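What the coordinates show
Residue strings, one per chain:
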Amino acid sequence: MESVISVYISRELVSEPQSITLENDTPLLESRILDSLSLLKLVLFLEKQFGIVVGGQELVPENFATINAICRFVNSKKATEKERE
Amino acid sequence: VNRNVLLHWKSDGGSSATFRPSSRLQAAVRRALLSIDNHTYRTVVVPMVAFLPAPLAYGVALVRSDLRYRLMRSSRRKIIYSFGLLFGDRLSQRECDRVARDNFRSMSCETIDAMRLLGSGKALLGLVEVRGLEHLRAALAGGKGAVLCSAHFGSPKSCFSIIGALGFPITIVARWRYHEKRRKRLLIKLHYRLRNDYPVNSHLHRPNIERHPGTWGSAVEAAMVLRRNELVGIMIDAEVRPGDPSKPMTFDFLNGKAMLVPGATEIAQLTGAPVMVMLLRRLADWRHQVLEISPPIHVEGDPVVAFKQCLALVEAAIQRYPAQWRPLPVSRGGVGGPLEVYGFERSDL
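Scoring rules and cut-offs
Residues numbered from 1 in each chain as written. Chains lettered and ligands numbered in written order. Predicted model: local features only at pLDDT ≥ 70, side-chain atom pairs only at ≥ 80, totals over all residues. Heavy atoms only, no water. Helix = DSSP H or I, 4+ residues; strand = E, 2+ residues; numbered from the N terminus. Buried < 20%, exposed > 50% of the residue type's maximum accessible area, 1.4 Å probe, protein only. Contact = heavy atoms within 4.5 Å. Areas by Shrake-Rupley, 256 points an atom, 1.4 Å probe, with all protein chains shown as cover. Rg over C-alpha atoms; globule rule 2.2 N^0.38 Å. Lys, Arg positive; Asp, Glu negative; His and termini not counted. Charge placed at Lys NZ, Arg CZ, Asp CG, Glu CD. Core = buried A, V, L, I, M, F, W, Y, C linked by side-chain atoms within 4.5 Å. Pairing = 2+ DSSP bridges. Axes fitted to C-alpha atoms, helices over the stretch in contact; angles between N-to-C directions. Parallel < 35°, antiparallel > 145°, perpendicular 65-115°, else oblique. Left-handed = near helix turned anticlockwise from the far one by under 90°. Nonpolar A, V, L, I, M, F, W, Y, C, P; charged D, E, K, R; others polar. Patch = residues over 30% accessible without salt bridge, like charges linked within 9 Å, V, L, I, M, F, W, Y side chains within 5 Å. Salt bridge = Lys/Arg side-chain N within 4 Å of Asp/Glu carboxyl O. pLDDT = per-residue confidence, 0-100. Buried area = accessible area lost by both parts, 1.4 Å probe. Polar contact = N/O pair within 3.5 Å; in protein donor to acceptor, adjacent residues only side chain to side chain.

Bringing the overall build of chain B into the picture now. Helix and strand counts for chain B come out as 13 helices and eight strands. Split into buried and exposed, the 349 residues of chain B put 53% on the buried side. Of all intrachain contacts in chain B linking residues separated by at least 6 positions in sequence, the fraction that spans at least 24 positions is 76%. As displayed, chain B has an accessible area near 15600 Å², and 56% of this comes from carbon and sulfur atoms.

Here it is as C-alpha cells:
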C-alpha cells in the first residue's frame, strides 16, 4: 500500500519529482507537497483504489500528514467497513 | 496607461509617488469623519431605511455615497487612477470620474441589499430578476451538485445568498473579513456579525469553507458538499494572499495579468460537477438587479482552459459595466495595493 500511494503522489501530485525525496515519513502537508487541490486528488484516488469513503470529519492533518499516516488511516477505514459488512 | 487619467490624478492634488494630503491634521479629521459616517451608516442608517420602499432606501444610499465620493479624495483618486490602468485608453477622463462615482454608489447600495436579505430575503428578491435558473435545476438533476463561479461584481456579498433564499442549498468558499486577526476586537466582531451573519449567512446552507494559511482541506470540503448534490459558490477573482495554501497561476485579465486560483474548475472536473458563471448586476435605477446564470461551462479537458472561459465571461461583464466591479477596496492603503493583487507590478505605476 505504501508504494502504491508513494508512486501516485510522486507521479501525479508532485510537480518536480526529482527535487523531492519522498519517504514514508516525509511530512506531506508541512513541506507543501500536498496543497488543497492535490489533497482532493489524493482522497479521490484512495477512495477509488481502496474502496473506502472519506468523511468530512476524517479530514484532519493526522490522517494525511505522511504516507505512513495515510496507510494507517486507509487500513482503519477498511477494517471499519469490513466490520459493518 | 490612460494619459488623461494620469493627468487628472496628478492635477487633483496628489503627488506622483504617494497620495499625500495637504496636512496631517486635515487627514486625521477627514479619516475620523469618514469612520463615523461608515459605522453610523452601516449600524444605524441602513437598518432604519433598508426596509422602506426601495426608491427611498436606495435613494439614501446614493446620497450618502455621493457625499463620500466628494470627501474621500484620496480613495477617489486611487480608484480613478486604478480604472485608468485597468482599462487603458478605453475610458476618457470623464468616464473614469463617472465610473469611480458609480463604484462608490454600488458599494453603498450593496449594504442596503445585504440588509434586505434579513428574514426570508423577500425584500431583496422582489427587486432581482433571476435568469438561467433552469441551468441550475438541470445541473442538480444530474446528482453531482454544481459549482457556481462569481466575481466581486455588482453586489457580491448578496449574490450567493439570493440563490440560498430561492431555496437552493449553497455553501460558499470565502473568508469573511471579521474572521481575520485584525478584526478580533469584540465590538467590531459583533458589528460584522450583525451585518453579515444574520442577513447574508442565514441563507447559506453550511458555514463558509475558508481558505487561508493553515487550512489545507478546502477543496475536499467543497467536493463533499458537491457529493451531497448541493451548490458550491466561489469568487474566481479572489485575491491570493501571502501564505495562501493554494497554487495560483497567472492569467491575462483586463489590461494586465492576474494571479488567480483555477480551483473552481479543477474541483468541478475532479468531481464531475457542472460549472456555471453567475453575475449579479445592478440596473440603471440602482435598486433593481439582474442575476444571470450562464449555461454550464465545458470542463472535460484542461481545467485551466475552462477557468479561462469563466474568466472571459467575468471580464466581458466588467468591460461592459466597469463601475460594478469591486477590485479596489478603498480602505486599503498604498498606491497600487489593490492593483498588485491583480498582478500589476509597482513599475507599472
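Alright, that's what it looks like, and here's the rest.
We now examine the overall build of chain A. Helix and strand counts for chain A come out as four helices and zero strands. The N-to-C order of helical and strand elements in chain A reads α-α-α-α. Its C-alpha atoms give chain A a radius of gyration of 13 Å, near enough to 12 Å, the size a compact globule of 85 residues would have. For chain A, the spread of C-alpha atoms along the three principal axes comes to 45 × 25 × 20 Å. Expressed as a percentage of its 85 residues, the buried residues of chain A come to 47%. Here the contacts in chain A between residues at least 6 apart in sequence split such that 62% fall between residues at least 24 apart. Per element, the accessible surface of chain A, about 4800 Å² overall, is 46% carbon and sulfur. Taking the average place of the 9 positive charges on the side chains of chain A and the average place of its 13 negative ones, the gap between the two points comes to 5 Å.

To continue, consider the nonpolar core. Among the nonpolar cores identified, the biggest contains 81 residues, and Ile5(A), Ile9(A), Leu42(A), Leu46(A), Phe64(A), Ile70(A) and Val147(B) are the most heavily contacted of them. Discounting chain neighbours no more than four positions away, the residues touching Val147(B) are Leu226(B), Val232(B), Ile234(B), Ala264(B), Ala268(B), Ala273(B), Pro274(B), Val275(B) and Met276(B). Within the second largest apolar cluster, 42 residues are counted, among which are Ala57(B), Ile112(B), Leu127(B) and Val200(B).

Take the pairing of strand β5 (residues 249-253) of chain B next. Sheet faces and side chains relate simply in a regular strand, where the side chains alternate between the two faces. All names here are of chain B. Strand direction decides the pairing type here: β5 and strand β6 (residues 256-260), joined by five bridges, are antiparallel. Its bridge partner lying in β6, Met249 is registered against Leu260. If you look at the hairpin formed by β5 and β6, you'll find two residues sitting between the two strands, and Leu254 has a positive phi there, around 50°.

The next thing to look at is the side chain of Ser150(B). Along the chain, Ser150(B) falls in strand β2 (residues 146-150). Here Ser150(B) falls in the buried class, since its relative accessible area comes to 1%.

With that settled, the discussion passes to the environment of Ser15(A). Relative to the helices and strands, Ser15(A) is located in the loop between α1 (2-13) and α2 (36-50). Taking the C-alpha atoms as reference points, Ser15(A) and Ile33(A), 18 residues apart in sequence, are found 8.9 Å from one another.

Moving on to the sheet that holds strand β1 (residues 128-131) of chain B. Residues and elements named next belong to chain B. Taken in spatial order, the six strands line up as β1-β8-β7-β2-β4-β3 in an open sheet, and their pairing is mixed. Single-partner strands in this sheet number two, and they are β1 and β3 (170-173). Within this sheet the neighbouring strands show an average axis-to-axis angle of 25°, counted without direction. Here strand β7 (residues 275-282) pairs with strand β8 (residues 289-293) via five bridges, running antiparallel. Paired with Arg282 across the two strands is Gln289, which belongs to β8. Each of β2 and β7 touches helix α12 (residues 303-320); the most contacted strand, β7, lies at about 10° to it.

Turning our eyes to something else, we now look at the packing of α2(A) against helix α4 (residues 67-84) of chain A. All names here are of chain A. Between α2 and α4, whose axes approach to 12 Å, the crossing angle comes to 45°. Compared by their axis directions, α2 and α4 come out oblique. Note that α2 runs across α4; the crossing there is right-handed. Residues Leu42, Leu46 and Phe50 of α2 lie in contact with α4, whose contacting residues are Ile70, Val74 and Lys78. Of the residues assigned to the contact of α2 with α4, the class counts are five nonpolar, no polar and one charged.

A separate point is a nonpolar patch on the surface. All names here are of chain B. Residues Phe51, Leu118, Leu190, Leu194 and Tyr198 make up a contiguous nonpolar surface patch of about 500 Å² in total accessible area. Tracing the backbone through its elements, the reader meets Tyr198 in the loop between α9 (186-196) and α10 (218-227). Using a relative accessible area of 52% as the deciding quantity, one classes Tyr198 as exposed.

Moving on to the confidence of the model for chain B. Keep in mind that low pLDDT regions are not for reading the predicted coordinates in detail. All names here are of chain B. Here chain B averages 80 in pLDDT, and 80% of its residues register 70 or above. pLDDT under 50 marks residues 1-19. Its contacts with residues more than four places away, or in other chains, come to 37 contacts. Model confidence for the complex: the whole-complex pTM is 0.83, and ipTM, which rates the interface, is 0.82.

Attention now moves to the pattern of salt bridges. Residues and elements named next belong to chain B. One pass over the full model with this rule turns up twelve salt bridges over all chains. Two residues, Asp102 and Arg101, come together in a salt bridge whose shortest N-O distance is 2.8 Å. Classification of Arg101 as partly exposed rests on a relative accessible area of 28%. Where salt bridges share partners, they join Glu129, Arg131, Arg281 and Glu292 into one cluster.

For the rest of this paragraph, the subject is the interface of chain B and chain A. Listed by partner, the interface residues are 17 residues for chain B and 20 residues for chain A. Across the chain B to chain A interface the summed buried area is about 1600 Å²; carbon plus sulfur atoms make up 67%. With a closest N to O distance of 2.1 Å, Glu47(A) and Arg227(B) form a salt bridge. Inspection of the chain B/chain A interface yields three residue pairs in polar contact (both at pLDDT 80 or more). With seven residues, the single largest contributor to the side of chain B that touches chain A is α10(B). Among the residues making up the side of chain B that touches chain A, the classes are represented as eight nonpolar, four polar and five charged.

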